[in-house]
2 protein chains.
Amino acid sequence: MQGMAFLERFSRTFRQNPSTSKLLLVVALSGGTSGLVAYSDATPQNSSNIVDSAEPEIKKKKVVVLGTGWAGTSFLKNLKDPSYDVQVISPRNYFAFTPLLPSVTSGTVEPRSIVEPIRNIIRKKKVDIQYSEAECVKIDAANKKVYCQSNANANLNGKEEFFVDFDYLVIGVGARSNTFNIPGVVENTLFLKEVEDAQKIRKSIIDCFERADLPSLSDEERKKILHFVVVGGGPTGVEFAAQLHDFLTEDLAKLYPDIKNLVRITLLEATDHILNMFDKRITAFAEEKFKREGIDLKTGSMVINISDKEISTKEIKTGEISSMPYGMIVWSTGIGTRRVIMDFMKQIGQSNRRVLATDEWLRVERCDNIYAVGDCATINQRKVMEDVAAIFQKADKDNSGTLTVKEFQEVLDDICERYPQLELYLKNKQMHSLVDLLKDSKGDDVKESVEVNIEEFKSALSQVDSQMKSLPATAQVASQQGVYLANCFNRMKEVETNPEGPLRFRGEGRHRFRPFRYRHLGQFAPLGGEQTAAQLPGDWVSIGHSSQWLWYSVYASKQVSWRTRALVVSDWMRRFIFGRDSSSL
Amino acid sequence: MQGMAFLERFSRTFRQNPSTSKLLLVVALSGGTSGLVAYSDATPQNSSNIVDSAEPEIKKKKVVVLGTGWAGTSFLKNLKDPSYDVQVISPRNYFAFTPLLPSVTSGTVEPRSIVEPIRNIIRKKKVDIQYSEAECVKIDAANKKVYCQSNANANLNGKEEFFVDFDYLVIGVGARSNTFNIPGVVENTLFLKEVEDAQKIRKSIIDCFERADLPSLSDEERKKILHFVVVGGGPTGVEFAAQLHDFLTEDLAKLYPDIKNLVRITLLEATDHILNMFDKRITAFAEEKFKREGIDLKTGSMVINISDKEISTKEIKTGEISSMPYGMIVWSTGIGTRRVIMDFMKQIGQSNRRVLATDEWLRVERCDNIYAVGDCATINQRKVMEDVAAIFQKADKDNSGTLTVKEFQEVLDDICERYPQLELYLKNKQMHSLVDLLKDSKGDDVKESVEVNIEEFKSALSQVDSQMKSLPATAQVASQQGVYLANCFNRMKEVETNPEGPLRFRGEGRHRFRPFRYRHLGQFAPLGGEQTAAQLPGDWVSIGHSSQWLWYSVYASKQVSWRTRALVVSDWMRRFIFGRDSSSL
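Residues numbered from 1 in each chain as written. Chains lettered and ligands numbered in written order. Predicted model: local features only at pLDDT ≥ 70, side-chain atom pairs only at ≥ 80, totals over all residues. Heavy atoms only, no water.

*Asks:* Teacher, can you tell me more about the relation of the copies chain B and chain A here?
*Replies:* Note on the identical chains: chain B maps onto chain A by a rotation of 180 degrees and an axial translation of 0.0 Å, with an RMSD of 0.0 Å. Overall, the copies show the geometry of a two-fold rotation axis. Every residue of chain B has its C-alpha some distance from the rotation axis, and the shortest such distance is that of Ser 570 of chain B, at 4.5 Å. An overlap of 100% is found between the interface residues of chain B and their copies at the interface of chain A, pointing to a shared contact surface. (Least-squares fit on C-alpha atoms with pLDDT ≥ 70 in both. Contact = heavy atoms within 4.5 Å.)

In structure tokens:
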């Protein structure tokens with residue numbers, strides 16, 4: 001039984017030592033006999049000790065986090081200040097690595113390989129974090145309460161309802177799939193947002209094949225059942241179509257030889273091109289590849305209605321309406337606002353907006369101590385032109401009514417930090433500093449000693465706000481926002497005395513924190529057949545097998561835990577060796 | 001991209017070459033560019049070629065196989081005669097390794113690791129086999145038809161119905177969970193027969209924990225929700241209780257530290273002991289272990305009613321009735337007959353029986369060319385006493401009215417083969433041959449030359465039938481029956497001229513085949529904590545860690561494919577290293 005004992009010891013050490021920084025804890029534990037119990041008890045005790053000694057009188061501030069997606073989880077992972085009492089509320093007790101969802105639809109990766117229980121993540125923290133599996137149904141900003149409903153098995157005596165008080169609220173509930181109120185979408189299509197959606201799609205693909213292979217059907221009926229429609233030519237829709245095509249050609253064609261030639265995949269996109277947030281070279285490559293593979297690509301085609309048997313589309317250019325039968329539709333056209341957020345927006349006077357707005361510090365506008373991160377909100381960027389007079393006044397230290405270059409340069413960093421669109425504008429215009437901008441507006445003969453008045457200043461900055469872009473609804477943005485907000489929470493007291501943000505142009509002093517800045521690290525569009533398009537910062541474009549390997553390495557490295565990393569990689573290997581599973585499970 | 005190409009080549013070779021016997025095929029394929037297509041086309045062509053050359057005129061006999069469980073799958077795997085046209089009908093398009101179902105409930109093994117698509121299994125065969133995912137709803141024995149209904153997604157225009165003709169029918173539809181008509185069982189308990197059941201149980205366990213950890217509940221309510229009840233102390237119920245206990249102590253206790261002490265597991269068994277088909281040492285060990293671990297073992301306790309909140313039991317000895325609240329109930333008390341089989345039994349005049357009866361050749365009684373294998377049927381063993389006159393007459397070659405030992409010995413093998421209970425009886429009585437039996441009946445002073453008359457013969461055999469036991473409803477029996485029946489089908493023509501079975505005592509000539517004989521290879525009862533009880537042939541009993549390793553090796557080796565073998569083993573390793581997943585997926 002030596003082998004046994006070794007394995008047990010090995011596994012215990014591994015489970016208790018998820019990162020090298022926990023060495024101390026593990027050493028302390030390894031002497032004990034009941035290591036596991038000691039661990040779970042030790043964590044809260046440890047953290048409360050720290051708090052007790054540091055601030056013995058202060059009651060811990062209660063932070064409520066809604067959601068365990070990218071934003072919520074990265075917030076929790078990066079929160080280090082033990083002086084908070086954190087309550088996490090989410091209907092999903094796990095974090096899901098959503099970029100791999102399209103891989104789950106075809107069984108390239110197993111659903112469980114891309115999820116990590118949130119309790120696993122928080123129990124490793126020295127912060128006091130509690131999790132409750134429930135959905136927030138109402139946010140009461142005035143009374144600082146959130147109302148929740150448990151979605152656990154209805155068998156257990158109905159839905160449990162409760163409320164939680166908060167001092168700070170972090171909203172990261174994500175978004176829902178947008179149906180654009182097109183009739184029949186909810187009833188007849190499958191979304192691809194949650195892990196369960198991906199599982200449903202996988203089962204549905206197999207169902208279609210099994211159904212079409214029944215002996216009693218005509219080939220005409222079989223063709224209908226084997227018509228797979230993907231609505232939405234964004235990265236998710238395109239990746240799903242590619243995965244489906246691979247699944248068919250690499251695996252299902254062998255198992256359903258009699259019907260494999262009756263399969264059709266149609267990709268519908270309302271605009272003129274698929275992947276239109278990517279470089280044109282990528283779009284062209286993807287469209288070319290799909291056409292070559294027989295995927296029916298219909299751009300400029302808008303879905304207007306879906307019945308239980310047919311999907312109706314309208315050609316945008318000609319207005320022509322046509323219908324086609326289908327076996328399965330996957331709907332992937334973008335995101336909409338969740339009901340709980342809509343209600344919340346009404347409550348706080350944002351009902352005229354489409355999406356919940358925050359400022360650049362991720363604080364929900366018109367709310368104290370409520371933050372929103374990820375897909376459920378967008379940053380309402382401050383326009384330079386709104387504040388241009390205040391900026392001018394602040395910069396004009398001698399109140400001369402004109403700005404010298406020197407005066408201007410003194411506030412330059414603050415302006416760029418507060419209004420990131422300015423930096424972007426300069427970069428796009430290939431200017432090196434604001435001085436160039438002033439030169440540009442006054443003509444080429446400007447000198448270092450030039451002075452501008454308010455009107456000239458306004459005219460110089462007039463085009464800057466055109467560079468404002470709202471951030472894409474991606475995992476990358478949500479994750480960075482979570483990290484940013486956690487760092488703010490970690491240093492809340494520090495910056496009270498030492499504010500580190502830019503100058504307040506409309507007030508006194510400085511902002512406490514630097515505003516959130518998104519750093520785009522590039523984006524992938526897997527196109528099937530072990531080919532991926534990658535668009536990296538600096539418009540560096542790479543398409544093909546090499547990008548696929550880059551994709552494998554990036555996605556493996558970005559996994560939330562060693563467990564999911566090992567599982568995802570072993571899933572890939574399994575697929576290479578054995579192919580994908582076609583059981584109707 | 002060398003690595004890529006290598007991997008692709010490797011995976012293609014592996015997938016197309018599941019066993020070394022297919023070497024020829026792979027060599028032929030490796031030259032082609034479109035290997036996959038060539039493969040799927042080649043198989044049917046090959047097999048029809050063989051048939052064409054061998055029997056050019058004869059229409060293939062249509063064999064319909066109902067079910068893809070242990071019996072059906074082992075029949076299909078062992079069927080080699082290409083002169084059949086086989087149609088498989090089953091609502092599950094996969095074979096599931098059911099002995100690992102209890103492991104799936106706790107996530108020790110993933111559901112997909114224990115299933116293999118039936119199409120994967122049959123496409124490797126040289127026999128013409130078609131599969132349809134549908135449930136047989138009616139067997140029409142008179143007209144040799146089965147009526148089927150597709151259970152594929154209702155979204156696809158309702159349920160598809162069709163019928164299939166057969167020349168031979170192999171029924172292997174398995175059984176349903178037996179509720180003994182106790183009220184509330186179907187509504188409020190979870191079964192453990194199908195892969196989906198195991199998935200539901202897993203989700204339900206996590207649901208109970210999440211629900212119990214909500215902040216709004218009292219400890220009293222939490223205790224109710226965390227009360228897990230297992231009904232049935234057979235191997236499945238016991239293994240599930242053990243798995244649940246391991247899951248709680250090894251994984252969930254760490255993640256739910258506040259409520260871990262409120263958990264209770266109750267195991268209810270109506271008889272006096274659990275595992276009562278095992279050796280007493282095993283029963284005692286298991287009961288002792290469970291008590292030590294705090295599992296509440298209630299034997300002699302019968303469930304009489306289950307409401308949505310409480311389960312009511314009656315003590316068999318005292319008649320005392322009591323109720324207790326529960327969070328989850330797993331019902332594992334044995335098997336009952338499926339509706340389609342009940343209807344079929346009425347049709348063929350077996351309605352007075354509890355279970356569908358076959359003869360020792362697995363042929364359904366009173367039916368031509370209909371066979372039943374696995375849990376859906378039992379073998380109605382022929383009693384020696386029913387045929388004793390015929391046996392005597394057949395053995396008495398000289399019609400002297402008495403049997404000499406010599407005459408008797410000539411038919412001895414045939415009798416033992418036809419009536420296996422005789423062999424069992426002799427073994428139990430520690431006799432070496434039938435002669436000893438005769439000696440026994442006539443007293444010790446019998447000589448080799450003794451003769452017995454019919455009455456003495458009857459009295460000698462009178463106790464033999466007491467040894468008849470119906471076979472247990474296990475995977476082992478079903479699997480052996482499938483193999484046996486496939487071998488019969490493979491040699492159907494051969495034995496027409498060369499019957500190999502025992503003498504027909506009530507007719508002329510010999511039986512075509514030897515009757516089915518079950519070879520018990522032993523049985524495991526995993527008890528949790530890496531301990532397993534094993535009872536091997538010859539009443540060899542082993543309990544503890546070493547048996548657990550035996551269990552691992554046997555279950556790994558018995559997997560239906562290399563794919564599932566690799567997956568199951570890697571699941572075990574994953575569990576050792578990372579523990580079990582607790583996501584509510």
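Having put the structure on the table, let's press on.
*Asks:* Would you mind going over the pattern of salt bridges with me for this structure?
*Replies:* When charged atoms on two side chains of opposite charge get close, those side chains can pair. Counted under the stated rule, the structure contains 73 salt bridges over all chains. Here Glu 110 of chain B and Arg 202 of chain B are joined by a salt bridge, their closest N and O atoms 3.4 Å apart. One end of the pair, Glu 110 of chain B, is in the loop between helix 5 (101-106) and strand 4 (115-117); the other, Arg 202 of chain B, is in helix 8 (residues 195-212), and 92 residues separate them in sequence. According to the relative accessible area criterion, Glu 110 of chain B is buried, its value standing at 15%. Look at Arg 202 of chain B and you get buried, because its relative accessible area is 3%. One salt-bridge network, held together by shared partners, links Glu 110, Arg 202, Asp 571, Arg 574 and Asp 581 of chain A together with Arg 112, Glu 116 and Arg 563 of chain B. (Salt bridge = Lys/Arg side-chain N within 4 Å of Asp/Glu carboxyl O. Helix = DSSP H or I, 4+ residues; strand = E, 2+ residues; numbered from the N terminus. Buried < 20%, exposed > 50% of the residue type's maximum accessible area, 1.4 Å probe, protein only.)

*Asks:* Would you take a moment to explain the UniProt feature "domain: EF-hand" (unreviewed entry) in chain A for this structure?
*Replies:* If you check UniProt for "domain: EF-hand" (unreviewed entry), the listed places come out as residues 383-418 of chain A in our numbering. The span residues 383-418 of chain A is 61% helical and 8% strand by assignment, and the distance between its end C-alpha atoms comes to 10 Å. (UniProt positions renumbered as here; feature names shortened; annotations may be inferred.)

*Asks:* Can you walk me through the confidence of the model for chain A in this structure?
*Replies:* Low pLDDT means the predicted atomic positions in that stretch should not be read closely. Residue and element names in this part refer to chain A. Across chain A, the average pLDDT comes to 86, with 87% of residues at 70 or higher. Across residues 16-55, where pLDDT falls below 50, the model places 36 contacts with residues more than four positions away in sequence or in other chains. Listed scores for the predicted complex are pTM 0.86 and ipTM 0.85. (pLDDT = per-residue confidence, 0-100.)

*Asks:* Any chance you could explain the interface of chain B and chain A here in plain terms?
*Replies:* Where interface size is quoted, it is often the accessible area lost as the parts come together. Contact residues are listed per partner, giving 87 residues for chain B and 88 residues for chain A. Of the roughly 7,700 Å² buried where chain B meets chain A, counting both sides, 57% is carbon and sulfur surface. Considering only the surface of chain B that becomes buried against chain A, Arg 112, Arg 211 and Leu 585 of chain B emerge as the three largest contributors, covering 11% of it. On the surface where chain B and chain A come into contact, there are twelve salt bridges. The partner of Arg 211 of chain A in a salt bridge is Glu 160 of chain B, with the nearest N and O atoms 3.7 Å apart. Along the contact surface separating chain B from chain A lie 24 residue pairs in polar contact (both at pLDDT 80 or more). (Buried area = accessible area lost by both parts, 1.4 Å probe. Polar contact = N/O pair within 3.5 Å; in protein donor to acceptor, adjacent residues only side chain to side chain.)

*Asks:* Any chance you could explain the environment of Ala 556 of chain B here in plain terms?
*Replies:* Residues and elements named next belong to chain B. Its location among the elements puts Ala 556 in helix 20 (residues 545-557). C-alpha separation for the pair Ala 556 and Ala 286, spaced 270 residues apart in sequence, amounts to 24 Å. Once you skip the residues sitting within four places of it in the chain, Ala 556 turns out to touch Arg 565, Val 569 and Trp 572.

*Asks:* It is not clear to me how the packing of aromatic side chains should be interpreted in this structure. Could you clarify?
*Replies:* Between two aromatic rings, the relevant description is the distance of the centres plus the angle of the planes. Tallying each qualifying case throughout the model produces 44 aromatic pairs over all chains. Here Trp 551 of chain A and Trp 572 of chain A contribute two aromatic rings whose centre-to-centre distance is 5.7 Å and whose plane-to-plane angle is 45 degrees, an arrangement assigned as tilted. Placement of Trp 551 of chain A in helix 20 (residues 545-557) and of Trp 572 of chain A in helix 21 (residues 562-578) is noted, with a sequence separation of 21 residues between them. Both residues of the pair, Trp 551 of chain A and Trp 572 of chain A, count as buried. Pairing Tyr 168 of chain B with Phe 489 of chain B gives two aromatic rings, centres 5.2 Å apart and planes at 75 degrees, and the pair type is edge-to-face. Taken together, the residues span a long stretch of sequence, with Tyr 168 of chain B in strand 9 (residues 168-171) and Phe 489 of chain B in helix 18 (residues 475-490) at a distance of 321 residues. Members of the aromatic cluster, joined through ring pairs, are Trp 70, Phe 95, Phe 97, Phe 524, Trp 549, Trp 551, Tyr 552, Tyr 555, Trp 572 and Phe 576 of chain A. Sitting over the ring of Tyr 419 of chain B, Arg 418 of chain B keeps its end group 5.3 Å from the ring centre. Sitting above the plane of the Phe 576 of chain B ring, Arg 575 of chain B keeps its charged end 4.9 Å from the centroid. (Phe/Tyr/Trp six-rings, centres within 6.5 Å; stacked < 30°, edge-to-face > 60°. Lys NZ or Arg CZ within 6 Å of the ring centre and 35° of its normal.)

*Asks:* Just to check I follow, could you spell out the pairing of strand 1 (residues 61-66) of chain A for this structure?
*Replies:* Residue and element names in this part refer to chain A. Relative to strand 2 (residues 84-90), strand 1 runs parallel, the two sharing six bridges. Paired with Val 63 across the strands is Val 86, a residue of strand 2. As for the winding sense of the linkage, the β-α-β connection from strand 1 through helix 4 (residues 70-78) to strand 2 is right-handed. As paired strands, strand 1 and strand 9 (residues 168-171) are joined by four bridges and run parallel to one another. Its bridge partner being in strand 9, Val 65 is matched across the sheet by Val 170. (Pairing = 2+ DSSP bridges. Right-handed = clockwise from strand over helix to strand, strands pointing away.)

*Asks:* Looking at this structure, how should I read the packing of helix 4 of chain A against helix 18 (residues 475-490) of chain A?
*Replies:* In helix packing, the relevant descriptors are the interaxial angle and the interaxial distance, both defined with respect to the helix axes. Residues and elements named next belong to chain A. Closest axis-to-axis distance for the helix 4/helix 18 pair is 7 Å, and the angle between their directions is 35 degrees. Crossing angle aside, the handedness with which helix 4 passes helix 18 is right-handed. Residues Trp 70, Ala 71, Ser 74, Phe 75 and Asn 78 of helix 4 form the contact with helix 18, whose own contacting residues are Ala 475, Ala 478, Ser 479, Gly 482, Val 483, Leu 485, Ala 486, Phe 489 and Asn 490. Taken together, the residues of the contact of helix 4 with helix 18 sort by class into nine nonpolar, five polar and no charged. (Axes fitted to C-alpha atoms, helices over the stretch in contact; angles between N-to-C directions. Left-handed = near helix turned anticlockwise from the far one by under 90°. Nonpolar A, V, L, I, M, F, W, Y, C, P; charged D, E, K, R; others polar.)

*Asks:* Would you explain helix 15 (residues 420-428) of chain A in this entry?
*Replies:* Taken together, the buried positions of helix 15 of chain A are Pro 420, Gln 421, Leu 422, Tyr 425 and Leu 426 of chain A. Directly beyond the C-terminal end of helix 15 of chain A, a positive phi value near 55 degrees is found at Gln 430 of chain A.

*Asks:* I would appreciate a short explanation of the side chain of Ser 542 of chain A in the present structure.
*Replies:* Residues and elements named next belong to chain A. Mapping Ser 542 onto the fold places it in strand 27 (residues 540-544). In terms of polar contacts, Ser 542 uses its side chain to reach the side chain of Ser 547, at 2.5 Å. Contacts of Ser 542, omitting those with residues within four sequence positions, involve Thr 532, Ala 533, Ala 534 and Ser 547.

*Asks:* Help me out: how do you make sense of the sheet that holds strand 17 (residues 321-325) of chain B in this one?
*Replies:* The strands making up a sheet associate through backbone hydrogen bonding, with each pair oriented either parallel or antiparallel. Residues and elements named next belong to chain B. Spatially, 15-16-17 is the arrangement adopted by the three strands of the open sheet, whose pairing is antiparallel. Each having just a single partner strand, strand 15 (301-306) and strand 17 make up the two edges of the open sheet. Direction aside, neighbouring strands of the sheet carry axes that sit 30 degrees apart on average. Bridge analysis of strand 15 against strand 16 (residues 310-315) gives five bridges, and the strand direction is antiparallel. In the sheet register, Ile 306 faces strand 16, and the bridge partner there is Ile 311.

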